[in-house]
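# Coordinate inspection notes
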Amino acid sequence: MAVLVTGGAGYIGSHAVAALHERGEEIVIIDNLQQGHKEAVLGGKLYVGDLRDGDFLDTVFGENAIDAVIHFAANSLVGESMKDPGKYYHNNVYGTLCLLEKMNQYGVKRIVFSSTAATYGEPENIPIHEEDRTLPTNTYGETKLSMEKMMKWFDTAYDMKYVSLRYFNAAGAHASGRIGEDHNPETHLVPLVLQTALGQRSHISIFGDDYATEDGTCVRDYIHVSDLADAHVLAVERLRKGGDSAIYNLGNGTGFSVKQVIDIARQVTGRDIPAVMETRRAGDPAVLVASSDRARQELGWNPSRNKLEDIIGSAWAWHQANPSGYNKN
């Protein structure tokens, strides 16, 4: 039986594919390559297409014995989601509906969902717990919450069990050095900082220094991408063993401000990284730090790459070896 990974040529998806491959799993990947890269797929069978294409999904499900799905495929840019909410509802929410309907049609009853701490919005408590209020402050987080709720009702109607994994800032690169973070456009802080260290950008922008944090800049919980990948594999195992639907936060429990990330990157790279203050971006909560106690207890998840210096160091190794990303020319 195979695990279907949607968005498996993307950043986190490709690391999940690598983790599954290392465990000897049969893997099927769907990616439209809008943001993903064929070169990032280290194992499995890749189908290039869109979740909203019913005939395409019939081919994938018809040709493979799939028993579980890990769902990464989604648009994920907070700023863009505020400017073009329709794109996010159509791709994220409708795309997920198409996937769930095909899963039900073909009798696939297990799905692990790549969600986000953005579902919480401005948190009431730090660290954030799974029972806390969900009130997203941006369209991206709202669509992810809608996808979670859709899975809940598919479980109620069709006994389709799901695990939703809520996390925020994935960073770092695979220990092999073969896969890393390569987006176009790039919006994530760590790769932007490292591109600045490489001289590919004149400066790194800091969006707002008037938040209610120690240094005025946003605080986030950074997780190594391979630790996130391991959690997705553990969630599949839990569902295969008959586990019930559940929601888990994935975090290190420690927050770092934008200024702190830049300072640590300066130490890791030994490079001068100019920073320029900009106005706030719409929809950015001040602090997002997650408690992952439940995931540790119930999934047996034990993230082993906790130090931000090590996370940034692995990303720096990738960017130095691949300054143009997967485009070698």
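Values in this document were obtained by computation on a predicted structure and should not be read as measured data.

### A short note on the packing of helix α1 (residues 11-22) against helix α7 (residues 225-240)
Running from amino to carboxyl end, α1 crosses α7 at an angle of 60 degrees, the nearest separation of the two axes being 8 Å. Judged on the interaxial angle alone, α7 and α1 are oblique. Of the two possible hands of crossing, α1 and α7 adopt the one that is right-handed. For the pair α1 and α7, the contacting residues are Y11, I12, H15, A16, A19 and L20 in the first and V225, S226, L228, A229, D230 and V233 in the second. Along the lines of polarity and charge, the residues of the contact of α1 with α7 split into 9 nonpolar, 2 polar and 1 charged.

### Notes on the pattern of salt bridges
In this structure the tally under the stated criterion is 19 salt bridges. Here E124 and R133 are joined by a salt bridge, their closest N and O atoms 3.8 Å apart. Given the relative accessible area of 38%, R133 is considered partly exposed. As a salt-bridge pair, R305 and D230 come within 3.7 Å of each other at their nearest N and O atoms. Taken as a pair, R305 in the loop between α9 (293-298) and α10 (308-321) and D230 in helix α7 lie far apart in primary sequence, 75 residues in all.

Cut-off values and rules
Residues numbered from 1 in each chain as written. Predicted model: local features only at pLDDT ≥ 70, side-chain atom pairs only at ≥ 80, totals over all residues. Heavy atoms only, no water. Axes fitted to C-alpha atoms, helices over the stretch in contact; angles between N-to-C directions. Helix = DSSP H or I, 4+ residues; strand = E, 2+ residues; numbered from the N terminus. Parallel < 35°, antiparallel > 145°, perpendicular 65-115°, else oblique. Left-handed = near helix turned anticlockwise from the far one by under 90°. Contact = heavy atoms within 4.5 Å. Nonpolar A, V, L, I, M, F, W, Y, C, P; charged D, E, K, R; others polar. Salt bridge = Lys/Arg side-chain N within 4 Å of Asp/Glu carboxyl O. Buried < 20%, exposed > 50% of the residue type's maximum accessible area, 1.4 Å probe, protein only.

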